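For reference, the chains in residue letters:
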Amino acid sequence: MTVPADSAQFATQALHATHAVEAATPRATPIYLTAGFTFDSFDEAAAHFDGGTGFGYTRTGNPTVRAVENRLAALESGADALLVASGQAAVVTALLTVAGAGDHLVASTHIYEGSRGLFLDNLSRLGIDTDFVDDIADPDAWRALVRPNTRALFAESISNARNHVLDVASIARVGDESGIPLIVDNTLATPALIRPIESGAAIVVHSASKFLAGHGAVLGGVIVDSGRFDVSRNGHLFPHLVLPGRGGAASVAERHGSASRIAYAREVVAPRFGPTPSPLNAFLIGQGVETLALRVERQSENALAVARWLASHETVESVDYAGLESHPDHARAIGQLTGSHGSVFTFTVRGGEQAARRVIDAVGVFTHMTHIGDVRSLVLHPATTSHTLLTPAQRAQLGVHPGTLRVSIGIEDPADLISDLTQALSLVRTKGAVR
Ligand SMILES: *Cc1c(COP(=O)(O)O)cnc(C)c1O
């Protein structure tokens, strides 16, 4: 129905006059900032609700969001992707897609603190228990914790704060032995450095707030699925995917086969819990992704220069960066990552918390904030911020000491980063904090 402009009253015209989107072929991704989409016919509406065709309401799908999902699925070598409102939303959506009450998960100890809290405080209250693996390089350490009710393995490709590099293929094999997915949080590495699905991971998640968006302006998260769910072999472990739906409806597996996991995430988990991304944020993530390769290359180069410089500085006790030959996972980083080693790492200054405080208070080019993967260089003191809830012993196990600083290196000129650190670390020295 069209509303004749000349016959309607002003209030009606204000809503309906000239409502028509002109056809055109935009080169940039258009931002469909709309709660929902008009149905052209009775039958179109029914088809949308029946088979999920087209777009109806932005919580269940939006063309801008879909365009970014398709791009991210391609970049991660996945079959399909689901964009959500934050990295935390991506992690919880991925986990609730495979696990429910009575199930069990095995996760790396070396993960983002927000993810650890999710396992320990939230999923535990939903009846999902988690065991943690410390020596994540040892497949037997993972295997030993897998039980009949384990439904996923979870780890980060490059971990914060120790910069462990995951041997994706061998841990994915442990999952395959039991028919369960390895879920890899690829936030720190990004698909520019590693595509875990190519090495056997079933699901990749990201905080898109970090490198994918890249400019520290928006939050987002993504779940990418390999599309390799084996219904006949592993379906019995995931009854919610293979049993008929409410009222005897066709099961997810009947309708989506090897893409059942991501279909369930898209149809049942994300739209019900509701972590819907804004189409505007999706656009900014999509725009960020266009320069991802360039940024990661420059940030990794800068990070290596800064890490080498720090490693030779007399006030620095240690540097945990996989790009340095001294790092225990350096060989794995060379083998798994495509040429460079990322740009988020930690270093520990002599003199403990007081020395760390002086550095934080003195930096000028580095921004003091809790974020990573930004085009700007950032610094944070984990022991008193992100890791403050842990005991000193737990922090030490994770490589977070009183003098440890976490940096995320940006795209500035590296000389300016080093001169900023030079003046900041000189305060550590001159104020006698060196042991
Ligand atoms: C930041 C981060 C998250 C959480 O992402 P948000 O977008 O902040 O919700 C998850 N995993 C890793 C590795 C992160 O760095």
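Placed above this text is the structure.
Residues numbered from 1 in each chain as written. Predicted model: local features only at pLDDT ≥ 70, side-chain atom pairs only at ≥ 80, totals over all residues. Heavy atoms only, no water.

Chemist: Summarise the pairing of strand 9 (residues 344-349); cite the residues concerned and give the values.
Modeler: Among the 6 residues of strand 9, 6 are classified as buried, and the element is accordingly described as predominantly covered. Going residue by residue along strand 9, you find Val344, Thr346 and Thr348 tucked away on one face and Phe345, Phe347 and Val349 tucked away on the opposite face as well. For strand 8 (residues 316-320) and strand 9, the ladder comprises 4 bridges, and the chain directions are antiparallel. Bridging from a neighbouring strand, Ser318 pairs with Thr348 of strand 9. Strand direction decides the pairing type here: strand 9 and strand 12 (residues 404-408), joined by 5 bridges, are antiparallel. Counterpart to Phe345 in the pairing with strand 12 is Val407. (Buried < 20%, exposed > 50% of the residue type's maximum accessible area, 1.4 Å probe, protein only. Helix = DSSP H or I, 4+ residues; strand = E, 2+ residues; numbered from the N terminus. Pairing = 2+ DSSP bridges.)

Chemist: Give a description of the sheet that holds strand 12 that names residues and reports values.
Modeler: In space, the 5 strands of this open sheet follow the order 8-9-12-11-10, with mixed pairing throughout. The strands lining the two open edges of the sheet, one partner per strand, are strand 8 and strand 10 (367-368). Helix-sheet contacts for helix 13 (residues 292-311) involve strand 8 and strand 9, and the interaxial angle to strand 9 is about 15°. Against the sheet, helix 15 (residues 352-362) touches strand 9, strand 10, strand 11 (378-380) and strand 12, its axis set at about 125° to strand 9. (Contact = heavy atoms within 4.5 Å. Axes fitted to C-alpha atoms, helices over the stretch in contact; angles between N-to-C directions.)

Chemist: A description of the sheet that holds strand 6 (residues 203-207) should follow, citing residues and the corresponding values.
Modeler: Taken together, the 7 strands give an open sheet; going across it, the order is 1-7-6-5-4-2-3, and neighbouring strands pair in mixed fashion. Since the sheet does not close on itself, it has two edges, and those belong to strand 1 (80-84) and strand 3 (129-133), each with one partner. On average, adjacent strands in this sheet sit at an angle of 20° to one another, irrespective of strand direction. Sheet analysis places strand 1 next to strand 7 (residues 221-225), joined by 5 bridges and oriented antiparallel. Bridge pairing in strand 7 places Leu83 opposite Val222. Running over the sheet, helix 3 (residues 63-75) touches strand 1 and strand 7 and is turned about 130° from strand 1.

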